[in-house]
Amino acid sequence: MTSSTDRRAMVIVDAFASARCLAPLFRARGVDCVHVQSTPTIPDVYAPSFHPDDFIANIVHDGDVAATVAAIDAHAPIGLLPGIERAVMLADELGEELGLPTNGTAQSLTRRDKFRMIETARAAGIPGTEQLLATDAETLLDWYGRNPGRVVLKPVSSAGNDGIFFCDDTDQVRAAFGKLHGTHSVLGQENQAVLAQEYLVGSEYIVNTVSLHGRHHVTDIWKMHHLSANGVRDLPAGAELMPRHGTDQEALVEHTLLVLDALGIRNGPAHTELKLTPKGPRLVETGARVCGADVHVPAGDAIGESQLDWTVDAYADPERFAQRWDSDYELLKHARIVNMVSPVEGDLVDYPQLADLQGLESFHEAVFRVTPGNRINRSVDDWTFPLRVFLTHETESTVVRDCTSARYLDGHGFYAVSATS
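Residues numbered from 1 in each chain as written. Predicted model: local features only at pLDDT ≥ 70, side-chain atom pairs only at ≥ 80, totals over all residues. Heavy atoms only, no water.

Naming follows an unreviewed UniProt entry, where the chain appears as ATP-grasp domain-containing protein of Streptomyces pulveraceus.

Structural data, given as structure tokens:
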């Protein structure tokens, strides 16, 4: 193993989920990686994705910032990144203390708190969503009385679609508040307040970017697909990769770049979710970290490089990034993501029709969350999809057909569970 005195190092805080793939990419570019574990124990949901052998050191943060900074500094870091949402604020603090090109602490909370995020964007002149931060049910119900119709209730700080409730009347609003307030999000944070927002009508999109010193590059744009299943409205069923340019894309990118500037995101990757409403784009939220769900896999195959590749470029070869940051990606292939939606729960025995799925002409890869021998749950959010399928092909019609075929295969016949479960 190469000593940290021979090569400079990149630091990743909580390199879990999709961020697990960053260290091998940095190593291929001649940069070793140091891992900072933000808590003494890795949450169960992330533990399987941590690959300690990819790092020359693992520094466990115990709350003493000065000690963690000293441990990092010994490795001569060239940059520091958060891997997942919960690591953003610690990464901001550590990077600032080390004088590295990060986003600093001045707006850290704004980049993590969904309420502050939208209010900050609105203060910058960016049209935003009507919303309320509620700490008690009566205030929430009073607001709902002035904003009737469908609303969305969610944690102020979370990930994926954890704890999201769509409410159409007073009883549903009251019930959702009771289920959220005082509980803990999937990130382990207590929901001391509940965020209520108007329901935005329109398609949902993702705009992924990488920034360096305030210059933003758009790496990939996705249009989300939703369905209603297992009692959940708007379950994210997948996504399709969009060409870089188009009427919708221009509006979405313009809005996204304004949001990045308003939130002080000047360095590193960002993952922005928006709705394209009849009134124009509206921010759902921005994460100052790489996109999850292994979206980099189909993006890399369809474009030639992904958000992760651009992230490595920004730190390993900033001159190259600066030379091409304003270039636009082109689709070499068309791509779609299909989240398989389990209608069953129990002990998974087999995927009887998996060969049919893998035999689709545009099948590229499948990422399994649940394998035979483990428990499978009914899919109700981002965390309970048993597997995610990536489709890529030079012909768009092939990808569309195979996406429809995958959805046809999905259902009770796709899952064999133990009768005793």
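Structure shown, so let's carry the discussion forward.
Going through the model one piece at a time under the given rule, you end up with two cavities of 30 Å³ or more. Here the largest cavity defines a volume of roughly 90 Å³. If you go around the largest cavity, you meet 13 residues; those closest to its centre are Pro82, Asp92, Asn103, Asn267 and Ala288. Broken down by secondary-structure element, the contributors of at least two residues to the lining of the largest cavity are strand 4 (77-82), helix 3 (88-98) and strand 12 (268-277). The residue inventory of the lining of the largest cavity, partitioned by class, reads eight nonpolar, four polar and one charged. Roughly 40 Å³ of internal volume is contained in the second largest cavity. Lining the second largest cavity are Asn208, Asp220, Cys291, Val295, His296, Gln307 and Leu308. (1 Å grid on protein atoms, 1.4 Å probe; cavity = no way out; pocket = protein on both sides within 12 Å on 5 of 7 lines; lining within 4 Å. Points joined across faces, edges and corners; volume = space filled by probe spheres on them. Helix = DSSP H or I, 4+ residues; strand = E, 2+ residues; numbered from the N terminus. Nonpolar A, V, L, I, M, F, W, Y, C, P; charged D, E, K, R; others polar.)

This part is about the nonpolar core. Here is a general trend for soluble globular proteins: nonpolar side chains tend to be buried in one another's company. Within the largest apolar cluster, 44 residues are counted, with the highest numbers of intra-cluster contacts made by Met10, Val13, Leu22, Phe26, Ile72, Leu80 and Leu94. With sequence-adjacent residues up to four places away left out, phenylalanine 26 is seen in contact with Met10, Val31, Cys33, Leu81, Thr311, Val312, Tyr315 and Ala316. Of all hydrophobic cores here, the second largest spans 24 residues; its members include Tyr205, Trp222, Leu241 and Phe390. (Core = buried A, V, L, I, M, F, W, Y, C linked by side-chain atoms within 4.5 Å. Buried < 20%, exposed > 50% of the residue type's maximum accessible area, 1.4 Å probe, protein only. Contact = heavy atoms within 4.5 Å.)

Throughout the structure, instances matching the rule amount to 10 aromatic pairs. With a centroid separation of 5.8 Å and an interplanar angle of 50°, the aromatic rings of tyrosine 351 and phenylalanine 368 are classed as tilted. Here the residue tyrosine 351 occupies a position in the loop between strand 15 (346-350) and helix 12 (354-358), and phenylalanine 368 occupies one in strand 16 (residues 363-368), the gap between them amounting to 17 residues. A residue is classified by how much of its surface remains accessible, and tyrosine 351, at 5% relative accessible area, is buried. Taking relative accessible area as the criterion, phenylalanine 368 reaches 33% and is therefore assigned partly exposed. Look at tyrosine 351 and tyrosine 415: their rings are 5.9 Å apart centre to centre, the planes differ by 65°, and that puts the pair in the edge-to-face class. Placement of tyrosine 351 in the loop between strand 15 and helix 12 and of tyrosine 415 in the loop between helix 13 (396-409) and strand 19 (416-417) is noted, with a sequence separation of 64 residues between them. Each residue in the set Phe16, Tyr46, Phe50, Phe55 and Trp383 is aromatic and connected to the rest through ring pairs, giving one cluster. For lysine 275, the ring lying beneath its charged end belongs to tyrosine 199, and the centroid distance is 4.7 Å. (Phe/Tyr/Trp six-rings, centres within 6.5 Å; stacked < 30°, edge-to-face > 60°. Lys NZ or Arg CZ within 6 Å of the ring centre and 35° of its normal.)

Quick look at the packing of helix 2 (residues 65-73) against helix 3 now. Close contact between helix 2 and helix 3 brings their axes to 10 Å; oriented N to C, the two are set at 60°. Note that helix 2 runs across helix 3; the crossing there is right-handed. Contacts between helix 2 and helix 3 pair Val65, Thr68, Val69, Ile72 and Asp73 from the former with Glu93, Leu94, Glu97 and Leu98 from the latter. Residue composition of the contact of helix 2 with helix 3, by class: five nonpolar, one polar and three charged. (Axes fitted to C-alpha atoms, helices over the stretch in contact; angles between N-to-C directions. Left-handed = near helix turned anticlockwise from the far one by under 90°.)

Take the sheet that holds strand 4 next. The strands that make up a sheet pair up through hydrogen bonds in the backbone, lying either parallel or antiparallel. With respect to topology, four strands assemble into an open sheet ordered 3-2-1-4, the strand pairing being parallel. Of all the strands in the sheet, the pair left with one neighbour each is strand 3 (57-60) and strand 4. When strand polarity is set aside, the average angle formed by the axes of neighbouring strands in this sheet is 20°. Of the strand pairs in this sheet, strand 2 (residues 32-37) and strand 3 are connected by four bridges, and their pairing is parallel. Each residue of the ladder has a partner; that of valine 36, found in strand 3, is isoleucine 59. Each of strand 1 (9-13), strand 2 and strand 4 touches helix 3; the most contacted strand, strand 4, lies at about 160° to it. The strands touched by helix 10 (residues 307-316) are strand 1 and strand 4; relative to strand 4, the strand with the most contacts, the crossing angle is about 150°. (Pairing = 2+ DSSP bridges.)

Quick look at helix 2 now. Those residues of helix 2 that sit buried are Val65, Thr68, Val69 and Ile72. The arc that holds every buried residue of helix 2, seen down its axis, measures 100°, which confines them to one face. A side-chain oxygen of the first residue of helix 2 lies 3.2 Å from the backbone nitrogen of alanine 66; this N-cap is aspartate 64. (Arc of directions from axis to C-beta. Polar contact = N/O pair within 3.5 Å; in protein donor to acceptor, adjacent residues only side chain to side chain.)

Turning to the environment of aspartate 328, a few remarks are in order. Note that aspartate 328 resides in the loop between helix 11 (318-324) and strand 14 (334-339). A C-alpha to C-alpha distance of 8.5 Å links aspartate 328 and histidine 245, two positions 83 residues apart in sequence. The contacts of aspartate 328, once residues within four sequence positions are left out, are Arg244 and His245.

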